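Residue-level listing of the chains:
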Amino acid sequence: MFPSFPAILLHSLHSLVFPHVPPHSPTFPCVPPCSLTFSRVSLHSPHSPTFAVFPHVPPCPPVFPTFPVFPCVPPRSLRFPVFPHFPYVPHVLPCSPAFPAFLLLGTSRQLPAGERGLWRCRRRMDQSVAIEEALAAGSTCLIAVQGTLVAGACLESRLLGLVRRGGEHAIHVYTHRRMAIAAEDVWLERVIPITDGFTVEEVIPDSDLHVVGSDVTIQISSGADQLVVRLPFGSHTRTFLQEVGKCSPAVGSEGIKQNGKKLAVGQNWSHDSTDKTPPRQSKPKPEVTSEMVRSSSVMVSNKASILSEPKFGLRDTIVKSQLVQREDSYTHIQNFRFFIGTYNVNGQSPKESLWPWLSCDAEPPDIYCVGFQELDLSKEAFFFNDTPKEEEWFKAVTDSLHPDAKYAKVKLVRLVGIMLLLYVKADLALNISEVETETVGTGIMGRMGNKGGVAIRFKFHNTSVCIVNSHLAAHTEEYERRNQDFKDICSRMQFCQSDPNLPSLTISKHDVIIWLGDLNYRLEELDVAKVKQLIDEKAFLALCQYDQLKRQMNANAVFEGFTEGEISFQPTYKYDAGCDDWDTSEKCRVPAWCDRILWKGQNITQLSYRSHMVLKISDHKPVSSVFDIGVKVVNEELYRKAFEEIVRSLDKMENASIPSVTLSQREFHFADVKYMQLQVEKFTIHNGQVPCQFEFISKPDEETYCKEWLIANPSKGFLNSDSEVTIELELFVNKSTATHLNSGEDKLEDILVLHLVRGKDYFLSVTGNYLPSCFGSPIHTLCYMREPIQDMSAESIRELTLMPLQMIDDAVQAEKPLDIPKELWMMVDHLYRNASQQEDLFQQPGLRSEFEQIRDCLDKGMHDTLFGNNHSVAEALLLFLESLPEPIICYKFYTSCLECSNNYSLSSEIISKLPRCHKNVFEYLMAFLRELLKNSGKNHLDVNILASVFGGLLLRPPPGHPKPDISAKRKAQQFIHQFLLRENNLP
């Protein structure tokens, strides 16, 4: 056992460097007969020392090199080429780290400011795996959904699995642990066979008008068996019911019934409207149900309902566009009262009534928007996005809504500890439509949900509304990071429209935007005593002059176009929990207005903006604001008149001529494209006299209209006569495209085809030059690169990148490769020397601008040290490891590693079979992480955090393999956990 990290690495190389000399010291190898002496030399400047080995020099006191640099240079290989601008000693064995892709739970194409291929933390995992394990041989669980058994006042969770055995199907009902991930977590309670007489009917319990939720309550019947269960509203429940319908001829033909009436699965279970008739006659409003909140097809006064059918017809598009232009002719403004609330609950459960916060006014609001941050601070919530506190706080809010009105819950959305709830008065529910939710994580690597935002967008009458709840980066000095978080949320938050052919909506594409949350902006330039003095004097206006958010807004650096009301309450952070005393901890935080509410849009009047000191469970105080918001309400008769006029004019115009457009540019060149650095080129499409629909279409034998590194925004749309649109061509190279660009297998060349419906096609040429990067390069390739990658010829890079991995141990090379990549060593060395005691390392993100500097330094070898704060370097390390085309633990060992995740001997044997460069990297990384754990008292890291963060990236499933479920993620975590607890050498 070797107690120090450098010693472990030295010992692991001892047999190679000094084959006949045993290690005499646990911290330093014995000096061999040739009297190797370690002397400090400079390869670049007096301020950038490294170490070389000089044989046959009388011994002098050894100088041990910086952490990951250790000697392994026998007398036979003393060659020290000096790289220009990159001092690095070859044949020095740092054994590199590798970063996991663990936290990445789902992919989607990303938008402007971030990486496409973004992995998002989404909804709760399908728990069919646990059921599958519990079934007898020959049975298969097709899909599972978690619901709530409705039996009087008793609400108990159940797991429903659709099970097939032979040609028969049944619904298995299980009791279960909160997170059912294995067979031992579920217990079969009953089986409902899907046979003749099997029915599924939607019911509306009386309790829904009190607890009113938008979840789906169904009654399942088969003979004498009957089950009433509430299922969570969403696409997964819809898919479950569709699959049930396919298994039963009766249900498949009749559909799910809604209160005894036929309701086709996939119709009112989504937000899509299939009503193709002109505007409806006014009719009495039926009794409000929570299903009406969910479905836009029953909404009164929705001008777009006739146009929201799935097809993307040119005629419908023209009608819709012209109706929008004439909107003022058939709508009037009517005020509705909105209550907006935000509360950082610091991981606490609700121990006190929320009435003083949510029901403090005499008049009940029409709409509630209630946001929480830090709902759950546990590691389980952070890594698996699962928490029991969601239900606790949902119930606390529901029980504390204004008693003088009945409310329907429209939607709940949560990302880790950031949760947003939307309620509407029950008698106004019919006027809510087009409800969509989205989440954006801005934590480490721009993905983790410990920081970020959640949003709900909807249409209220004829006004589009977007509510955003965000938790931005912490710490006083991190205001630039908060600005970046805001911009990331704005650019990456994309809402699907009911018509899948229409482009997504961004936050800015709404009439009314409300932004709430723990924005974390602090007071600067004042000490604690001065701030408290001004608070005691209630000099809030003077104190606001030092508020970071006010300053950043005045500089147009963030929240451009937004408004915040006058702050007339004392700062809402930081208090001792349970009282109103300011922070008395060792850190003694400066009070600040972290919790804010801002808005953007027309016809918005703020009636109040206040904090609520009576609530004391958290170190924050809740904040609320009440608004009167003018909403566009449709006059049915005027709308019908406008609609008929537009249709008549279209009848005359149809087939008048062929559409044509003019493009401002047709050739585009992107110069010096870099890894994960967005470049944008713009051009305009100017339409002639005929309204037209345009779309970029795929070329023959190609599935998409462009290559993976390119996107056109928007990629389709509609143009009225004599109008124009600006198209942005966004080029972004990420981990999925970098390797082929590095090797030359792909080039930045593409042809886009712009198609006009009923018109001709236009061709656009896109070219560019990519600057090769260590990001996206294989480990063994980088080990053979003794120069910075951008100093090498394209042919050399291609040859090394395409070299098969197995050659690395078998082939006889002209020059011995480095044991780990020099780029990896630079990042780990920086972290070891500067960040061993850094709080929240590998959990808090860095700055994008600093990542770009770090990337350039590694690719060009410009400097001896890396620029950027510790969090930026840590994030760069993770991004580097994530970009590896072959993970540190090779794909072929993935399944074996999961199978032996609780057996250290077998796990060690697998690691010993890795290619030498991968094995070196793994050992190096484990030793580095163990070194960090020695400082856990200051950096607050523990073995579970590191095992979770690194486990999924080191154990990535092979391409085409199913996405890891919770069970697989836990096994990957356990696999790494074993090595973090042991310091002895691997085989």
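Numbering of residues begins from 1 in every chain and follows the order in which that chain's sequence is written. Whole-chain, interface and lining totals are the exception, using all residues; otherwise, since this is a predicted model, local features are given only for residues with pLDDT of at least 70 and side-chain atom pairs are given and counted only at 80 or more. Side-chain measures were taken over the full set of non-hydrogen atoms in the model, leaving aside hydrogen atoms and water.

A separate point is the pairing of strand β10 (residues 216-222). With 7 of its 7 residues buried, β10 lies for the most part within the structure. As paired strands, strand β9 (residues 199-202) and β10 are joined by 4 bridges and run antiparallel to one another. Bridge pairing in β10 links Glu-202 to Ile-218. Two strands are said to pair when DSSP picks up at least two bridges between them. Secondary structure elements are defined from DSSP: runs of H or I of at least 4 residues count as helices, runs of E of at least 2 residues count as strands, and each element is numbered from the N terminus. Across 7 bridges, β10 lies against strand β11 (residues 225-231) in antiparallel orientation. Within the sheet, the bridge partner assigned to Gln-219 lies in β11 and is Val-228. In sequence, β10 turns back onto β11 through a hairpin of 2 residues, with Gly-223 there showing a positive phi of about 65°. Remark: exposure states derive from per-residue accessible area (1.4 Å probe, protein chains only) relative to the maximum for the residue type, with buried under 20%, exposed over 50%, and partly exposed in between.

Counted at 1.5 Å a residue, the expected span for helix α25 (residues 916-933) with its 18 residues is 26 Å, and the 26 Å between its end C-alpha atoms agrees. Counting buried positions along α25 gives 17 out of 18 residues, so the element sits mostly inside the fold. Given the number of residues in a helix, its expected span is that number minus one, multiplied by 1.5 Å.

Here the second largest pocket is characterised by a volume of approximately 970 Å³. Ranked by the residues each element gives to the lining of the second largest pocket, the list is headed by helix α9 (residues 379-384), at 3 residues. Gly counts as polar in this scheme, as do all residues outside two lists: the nonpolar Ala, Val, Leu, Ile, Met, Phe, Trp, Tyr, Cys and Pro, and the charged Asp, Glu, Lys and Arg. In terms of residue class, the lining of the second largest pocket is made up of 10 nonpolar, 13 polar and 12 charged. Grid points spaced at 1 Å and placed over the protein atoms alone form the basis of the search, with a cavity being a set where a 1.4 Å probe fits but cannot get out and a pocket an open set showing protein on both sides within 12 Å along at least five of seven lines. Lining residues have an atom within 4 Å of a point. Grid points are joined across faces, edges and corners, and a volume is the space filled by probe spheres set on the points.

Right, let's get into the packing of helix α20 (residues 822-834) against α25. Relative placement of two packed helices is described by the angle separating their axes and the distance separating the axes. Axis lines are fitted to C-alpha atoms, over the contacting stretch for helices. Their N-to-C directions set the angle, which ranges from 0 to 180 degrees. With their axes 11 Å apart at the nearest point, α20 and α25 run at an angle of 10° to one another. By the angle between their axes, α20 is roughly parallel relative to α25. On the side of α20, the interface is formed by Leu-824, Trp-825, Val-828, Leu-831 and Tyr-832, while α25 contributes Val-921, Tyr-924, Phe-928 and Glu-931. A class-by-class count of the residues in the contact of α20 with α25 yields 8 nonpolar, no polar and 1 charged. Angular relationships are summarised with four words: roughly parallel below 35 degrees, roughly antiparallel beyond 145, roughly perpendicular across 65 to 115, and oblique for the angles in between. We call two residues in contact when some of their heavy atoms are within 4.5 Å.

A few words now on the side chain of Thr-398. When you line up the elements, Thr-398 lands in helix α10 (residues 389-399). Taking the relative accessible area as the measure of exposure, Thr-398 reaches 12% and is therefore buried. Of the polar contacts made by the side chain of Thr-398, one reaches the side chain of Tyr-423; its length is 2.7 Å. N or O atoms within 3.5 Å of each other form a polar contact, as long as, within protein, one can give a hydrogen and the other can take it, and as long as residues adjacent in sequence are counted only when both atoms are side-chain atoms.

Another point: the pattern of salt bridges. A carboxyl oxygen of Asp or Glu within 4 Å of a side-chain nitrogen of Lys or Arg is what we treat as a salt bridge. Taken as a whole, this structure holds 37 salt bridges when the rule is applied. Put simply, Glu-243 and Lys-246 hold a salt bridge, and the shortest N to O gap is 3.2 Å. With a gap of 3 residues between them, Glu-243 and Lys-246 both fall in helix α3 (residues 235-247), about one helical turn apart. Exposure remark for Lys-246: the relative accessible area of 64% places this residue in the exposed category. Arg-337 serves as the salt-bridge partner of Asp-628, at 3.1 Å between the closest nitrogen and oxygen. Linking Asp-628 in strand β24 (residues 623-634) with Arg-337 in strand β14 (residues 331-344), this pair joins segments that are 291 residues apart in sequence. As far as burial versus exposure is concerned, Asp-628 and Arg-337 are alike and both buried.

Glancing now at the environment of Leu-710. Along the chain, the position of Leu-710 falls in strand β29 (residues 710-713). For the pair Leu-710 and Leu-748, spaced 38 residues apart in sequence, the C-alpha separation works out to 9.1 Å.

Moving on to the packing of aromatic side chains. Within 6.5 Å between ring centres, the rings of Phe, Tyr and Trp (the latter by its six-membered ring) count as paired, and their orientation is classed by plane angle as stacked under 30 degrees, edge-to-face over 60, tilted in between. As enumerated under the stated definition, the model contains 28 aromatic pairs in all. Measuring from ring centre to ring centre gives 4.8 Å for Phe-336 and Phe-460, while their planes differ by 65°; the resulting arrangement is edge-to-face. Taken together, the positions of Phe-336 in strand β14 and Phe-460 in strand β19 (residues 452-460) put the pair 124 residues apart, joining distant regions of the chain. According to the relative accessible area criterion, Phe-336 is buried, its value standing at 5%. Using a relative accessible area of 0% as the deciding quantity, one classes Phe-460 as buried. Judged by centre distance (5.1 Å) and plane angle (70°), the ring pair of Trp-599 and Phe-627 falls under edge-to-face. Here Phe-627 lies in strand β24 and Trp-599 lies in strand β22 (residues 595-601), a separation of 28 residues in the sequence. Residues Trp-599 and Phe-627 agree in their burial class; the two are buried.

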